[in-house]
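Spelled out from the first residue to the last, the chains are:
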Amino acid sequence: SQVIEIPYVVHLMLLVTSILYAACHWSLTLREEQALARGESPPKEEKDDDTAGDDDEEEEEEERPQYETLTSKDAMQFPLLGSASLFGLYCAFKFFDKETVNLIISIYFCLVGVAALTATMGPTLESVGPKFLSKEIKLKHFLPESIGGKSPWIFNVSDIFALMGGIAFNAAYFQSKHWTMNNVLGICFCLQGIERFSLGTYKIGAILLVGLFFYDIFWVFGTDVMVTVAKSLDGPIKILFPRSLVPDATTGKLEMSLLGLGDIVIPGFFLALLLRFDAHNANVNYFPTNVHVSFPKPYFHSALVGYVLGLATTLYVMIVFEAAQPALLYLVPACLGSSLLCAAVRGEMKALFDYSEEEEEEEESKDEADKKND
C-alpha cells in the first residue's frame, strides 16, 4: 500500500490551527455565562401563575455563575510569575535528580490530565452516545466547600464513562510516555484553557501579549533556561512532532520538534476574545449558545491568518538557522498587528478598545447610568 508522508511542518501547522479554531468556537459558551453573571436570564416558556412565584423564588436563591477573567494587574504580573516558575523548574533539574523531578511532575500532570480528559470527552460522549448518557446524577458530599465545592455534585452518566476512560488513558501514558498520548493530553489542556478563560478586554490582552513577548525573548535568547526546561521536562507541556517516523540509528528514538502549549494557549485566549467580539458585533444571541452558528468573523479570521503567518515565520527561521526560536517573538506582532489593521480598515478602533467582558466594570457602568437617570 502507498504511504504519503506529510512533512512535520505541515502536520504542526494543521494541528495547531485546528486546535485554535475548535477551542475559540467552544469559548462562545462564555458569552452565555457572562450574560447570566450580568443578571440576564434565558427566555422561558409561559407557566401557570401558581408555579411562577415558586420559580422566581428559586431564581433569586441561585447565585450568578462565576467565570475566570484576567485583570490588567494579573496581565502585568503574569510574565514575572511565569519567569519565577520557569527558573524554579530550571533549578530543580540542575540541582536535583532529573528522574525524580520528572516523576513528581508526571504524577501531577496525570492527575490534571484525568480532569482535562473528563471535561473534554464527557460532553462529546453525551452528544454522540445513547440517551442514557445524558442522565443527570446528584451526589451529596460532606467536604468543605473550599475543597469539594457546593453539595450536591451534579454530573451526567457520560462524565462517569469519561472519568474512567481518563484514568485508564493517563495510567497508560504514565507507563509509556508515548508522544501521541502526550499530544492528546496537550490538546485537551489547550481546549479546556481557551474555552474557559476570558482576557476581559482587548487592552488587557495586549498587555499580556506584550509582556510575554519580552519574556519569551529573554528566556530563549538571553539564557539557556527555556530550552533546558523544555528538553528536560518529560510531560505534556508541549506538542511533539516527529520529523521522521524512522528512529535515529544511534539513539533508536524518533527525532522530535516541539511547540510549547503556551505558544498555542496564550494567543488562543486573544483569538477567542476577538471571536466573541465578532459575535457581539453580529448581535448573536446569548441564549441558547450555539457554537456552530454562522456569523461574520473579520477579527477572528484576520488574527488567525496572522497567527498562521507568524507560526510559519517561526518555523522558517528555526529551520534556516537551526536554533530554537521564541515563538511569541513572531506570534505577538502578528496577532496584534492583524487585529489592529482589521479595526483600522473597518473604522472600529474605538469599539474594539471599548469592548469588555469584565463583570465589575459592566455592573459599575449600569449603576452610574441608574444614578444619572434618578
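For the structure, check the block above.
### Things to note about the nonpolar core
Counting 83 residues, the largest nonpolar core has Val16, Ile264, Phe270, Leu271 and Leu311 as the members making the most contacts within it. Of all the elements, helix α11 (residues 262-281) adds the most residues to this core, at 12 residues. Apart from the residues lying within four places of it in its own chain, the contact partners of Phe270 are Leu199, Tyr202, Gly205, Ala206, Leu209, Cys335, Leu336 and Ser339.

### Considerations on the pattern of salt bridges
With the rule as written, the count across this model stands at 5 salt bridges. When the shortest N-O distance is used, the salt bridge between Arg276 and Glu357 registers 2.7 Å. Of the two residues, Arg276 is situated in helix α11 and Glu357 in the loop between α14 (349-354) and α15 (359-373); the sequence distance between them amounts to 81 residues. Side by side, Arg276 and Glu357 carry an identical accessibility label, which is buried. Among the salt bridges present, the one from Arg346 reaches Glu348, with a minimum N-O distance of 3.2 Å. The exposure class of Arg346 is partly exposed, given its relative accessible area of 42%.

### Things to note about the packing of helix α12 (residues 298-321) against helix α13 (residues 328-346)
As a packed pair, α12 and α13 sit with axes 8 Å apart at the nearest point and diverge in direction by 150°. Considering the angle they form, α12 stands roughly antiparallel to α13. Considering the relative orientation of α12 and α13, their crossing is right-handed. Contacts between α12 and α13 pair Pro298, Tyr299, Ser302, Ala303, Gly306, Tyr307, Gly310, Leu311, Thr313, Thr314 and Val317 from the former with Tyr330, Leu331, Ala334, Cys335, Ser338, Ser339, Cys342, Ala343 and Arg346 from the latter.

Definitions and limits used
Residues numbered from 1 in each chain as written. Predicted model: local features only at pLDDT ≥ 70, side-chain atom pairs only at ≥ 80, totals over all residues. Heavy atoms only, no water. Core = buried A, V, L, I, M, F, W, Y, C linked by side-chain atoms within 4.5 Å. Buried < 20%, exposed > 50% of the residue type's maximum accessible area, 1.4 Å probe, protein only. Helix = DSSP H or I, 4+ residues; strand = E, 2+ residues; numbered from the N terminus. Contact = heavy atoms within 4.5 Å. Salt bridge = Lys/Arg side-chain N within 4 Å of Asp/Glu carboxyl O. Axes fitted to C-alpha atoms, helices over the stretch in contact; angles between N-to-C directions. Parallel < 35°, antiparallel > 145°, perpendicular 65-115°, else oblique. Left-handed = near helix turned anticlockwise from the far one by under 90°.

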